[in-house]
Amino acid sequence: MATDHAPPPPPAADESPLRILLPQVMPALVVGVVASLLLLGIEFLADELQDVLWHNLPDALGIGDYSSLWIISMLTAAGIAVGLVIWKFPGHAGPDPASEGLGGPPLAPGVVPGLLLASTLSLAGGVSLGPENPIIASNIALAYWLGRKAAPAVPGAFWVSLASAATIGALFGTPVAAALVLSEALTGMPGRGSLWDRLFAPLVAAGAGAMTTQLLAEPTFDMGLPPLTDPGWGDLLAALVIASAAALFALVACYLFPYLHAAFHRLRHPMVILPLGGLVLGLLGALGGQLTLFKGLDEVKELTASIGTWSSGELAKLAVIKLVALLVAASCGFRGGRIFPAVFIGAAFGLLAQALVPEVSPTVTVSSAVLGVLLATTRQGWISLFTGAVIAGSPAVIALLCLASLPAWLIVTGRPQLQLDAQGRALH
């Protein structure tokens, strides 16, 4: 997924960088805290609604929480609800998410309520998408709108970069992820000052967003995988093979994406497209079970907590169904991001590899597979490496992942992405 993280304004040639950078601290802190609070607020509302829909309501009706009938009903209802929002709300809850990556140009502020509502309903309804794309887009829109009102002389790109970095920091609970994404985005961009001058304000925003999230929610990507302290040549070979195989597996969805998107959108109206998409997701959820629902982060922890109890057939089914569910959800217009479902797909694929070759550490298989799936679905090299390393929880894995990313990148670069252009054609 492409990003659009414009750099903050560089210092003029005759001005001291210190005089330029210090005034940026306060607005960066404010944007960071507010971006995190918006993320936490939406996730809190989605979690509360999820409890009502998936526990309280079926208990009151005497129906099993995750019975096949309830899964199909809830996902179809989610499609109807999101379709209504897209149809009736100003701005139709933003542009078609199939053509949007992380970031992008600021939306009109009037679009934000519909986008956040559609995202909340998708998260609570069990749709296989995460919160990242809608939250980043909403924070960019609000920071740009309010920033331009408060300081009209400041370039709009400054507020875009702060909001993007702040939200990424809040999502991952660390500013490191934002630093990696912005460093990648700034490569080759013209501008005065060193890279760290240009990253200064966004990193302040990312740090404020991450700390706010840490203080209020204590997020963690720790999957409880066994530590790997002394990797050997066998681990390196496994990482190279599994990351490449996972990238090939995820590329299947990238190739199918424009065709499925076109098929759904021939139906034209959101009140037809989204309910049908919800029904398909419900059928997939009924087939795959509870673990294939929702954004996938909590489900990954449940998956990795039971290493050795899953058969290779069960793990293959989970990986395939979640990949198809992500493809359907992104094709029919549900508002959400693709990173967190991709992590689940990678984890299931990695555990499948470990089940087939038990001699390989699950830490190596899971982190390598997550790396490969994310490279294929996002084309964000640093985010893919960072996520794989964080999930592993072992610094010794980082070298393996860096090397494993090279053949996996050769496989995915220049291939279709899980993102379309304005005409519905796959980006490469």
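A.B. asks: Can you walk me through the overall build of the protein in this structure?
C.D. replies: For the protein, the count of helices and strands is 16 helices and two strands. The C-alpha radius of gyration computed for the protein amounts to 21 Å, which stays within 12% of the reference 22 Å derived for 428 residues, consistent with globular compactness. Its C-alpha atoms give the protein principal-axis dimensions of about 65 × 55 × 40 Å. Here the protein holds 428 residues, and the buried ones make up 55% of them. Put simply, the protein has 17 plus and 24 minus side-chain charges, and the middle of one group is 14 Å from the middle of the other.

A.B. asks: Is there a simple way to think about the side chain of Ser405 in this case?
C.D. replies: With respect to the helices, strands and loops of the structure, Ser405 is situated in helix H16 (residues 397-412). We classify Ser405 as buried; its relative accessible area is 11%. Within the local environment of Ser405, its side chain forms a polar contact with the backbone oxygen of Cys402, the two atoms lying 2.6 Å apart. Ignoring any residue separated from it by four or fewer positions in sequence, one finds Ser405 in contact with Leu371, Leu375 and Leu385.

A.B. asks: What is the right way to look at the environment of His269 in this model?
C.D. replies: Mapping His269 onto the fold places it in the loop between helix H9 (233-265) and helix H10 (270-288). Judged by relative accessible area, which is 30%, His269 ranks as partly exposed. Sequence-wise, His269 and Trp196 are 73 residues apart; in three dimensions their C-alpha atoms are separated by 47 Å.

A.B. asks: Quick question: what am I supposed to make of helix H14 (residues 362-378) here?
C.D. replies: The periodicity of an α-helix, 3.6 residues per turn, causes residues three or four positions apart to be oriented the same way. Counted at 1.5 Å a residue, the expected span for H14 with its 17 residues is 24 Å, and the 23 Å between its end C-alpha atoms agrees. In terms of burial, H14 is largely enclosed, as 17 of its 17 residues are buried. Looking at where H14 begins, the residue whose side-chain oxygen comes 3.1 Å from the main-chain nitrogen of Thr363 is Ser361. Positive backbone phi, at 60 degrees, marks Arg379, one or two positions downstream of H14.

A.B. asks: Sorry if this is basic, but what is going on with the pattern of salt bridges here?
C.D. replies: Should their charged atoms come close, side chains of opposite charge can pair. Using the criterion set out here, one finds one salt bridge in the structure. The salt bridge partner of Lys295 is Glu43, with a shortest N-O separation of 3.3 Å. With a gap of 252 residues between them, Lys295 in the loop between H10 and helix H11 (297-304) and Glu43 in helix H2 (residues 25-61) connect regions that are remote in the sequence.

A.B. asks: Just checking my understanding: could you explain the packing of H14 against H16 for this structure?
C.D. replies: Between two packed helices, both the angle of their axes relative to each other and the distance between the axes serve to describe the pair. It is the contact of H14 with H16, at a shortest axis distance of 9 Å, that shows an interaxial angle of 35 degrees. Viewed along their axes, H14 and H16 form a crossing whose handedness is right-handed. Contact with H14, carried on its side by Thr363, Val364, Ser367, Ser368, Leu371, Leu375 and Ala376, involves Val397, Leu400, Leu401, Ala404, Ser405, Ala408, Trp409 and Val412 of H16 and no other residues of that element. When its residues are assigned to classes, the contact of H14 with H16 shows eleven nonpolar, four polar and no charged.

A.B. asks: What am I meant to see in empty space enclosed by the protein here?
C.D. replies: To find the voids left in a structure, one rolls a probe of water-molecule size over its atoms. Taken as a whole, this structure holds four cavities of 30 Å³ or more when the rule is applied. Its boundaries defined by the atoms lining it, the largest cavity holds a volume of some 180 Å³. Taken together, 16 residues line the largest cavity, and the ones lying closest to its centre are Glu100, Leu115, Asn133, Pro134 and Ala137. Residue contributions to the lining of the largest cavity peak at three residues, all from helix H5 (residues 132-150). Tallied by class, residues from the lining of the largest cavity come to eight nonpolar, six polar and two charged. Estimates place the volume of the second largest cavity at around 50 Å³. Contributing to the lining of the second largest cavity are Leu102, Glu132, Ile136, Ile168, Leu171, Phe172, Ile339, Phe340 and Ile383. Within the residue set of the lining of the second largest cavity, elements represented by two or more residues are H5, helix H6 (156-172) and helix H13 (339-356).

Conventions and cut-offs
Residues numbered from 1 in each chain as written. Predicted model: local features only at pLDDT ≥ 70, side-chain atom pairs only at ≥ 80, totals over all residues. Heavy atoms only, no water. Helix = DSSP H or I, 4+ residues; strand = E, 2+ residues; numbered from the N terminus. Rg over C-alpha atoms; globule rule 2.2 N^0.38 Å. Buried < 20%, exposed > 50% of the residue type's maximum accessible area, 1.4 Å probe, protein only. Lys, Arg positive; Asp, Glu negative; His and termini not counted. Charge placed at Lys NZ, Arg CZ, Asp CG, Glu CD. Polar contact = N/O pair within 3.5 Å; in protein donor to acceptor, adjacent residues only side chain to side chain. Contact = heavy atoms within 4.5 Å. Expected span 1.5 Å × (residues − 1). Salt bridge = Lys/Arg side-chain N within 4 Å of Asp/Glu carboxyl O. Axes fitted to C-alpha atoms, helices over the stretch in contact; angles between N-to-C directions. Left-handed = near helix turned anticlockwise from the far one by under 90°. Nonpolar A, V, L, I, M, F, W, Y, C, P; charged D, E, K, R; others polar. 1 Å grid on protein atoms, 1.4 Å probe; cavity = no way out; pocket = protein on both sides within 12 Å on 5 of 7 lines; lining within 4 Å. Points joined across faces, edges and corners; volume = space filled by probe spheres on them.

Don't take any of this as a statement about function, it's just geometry.
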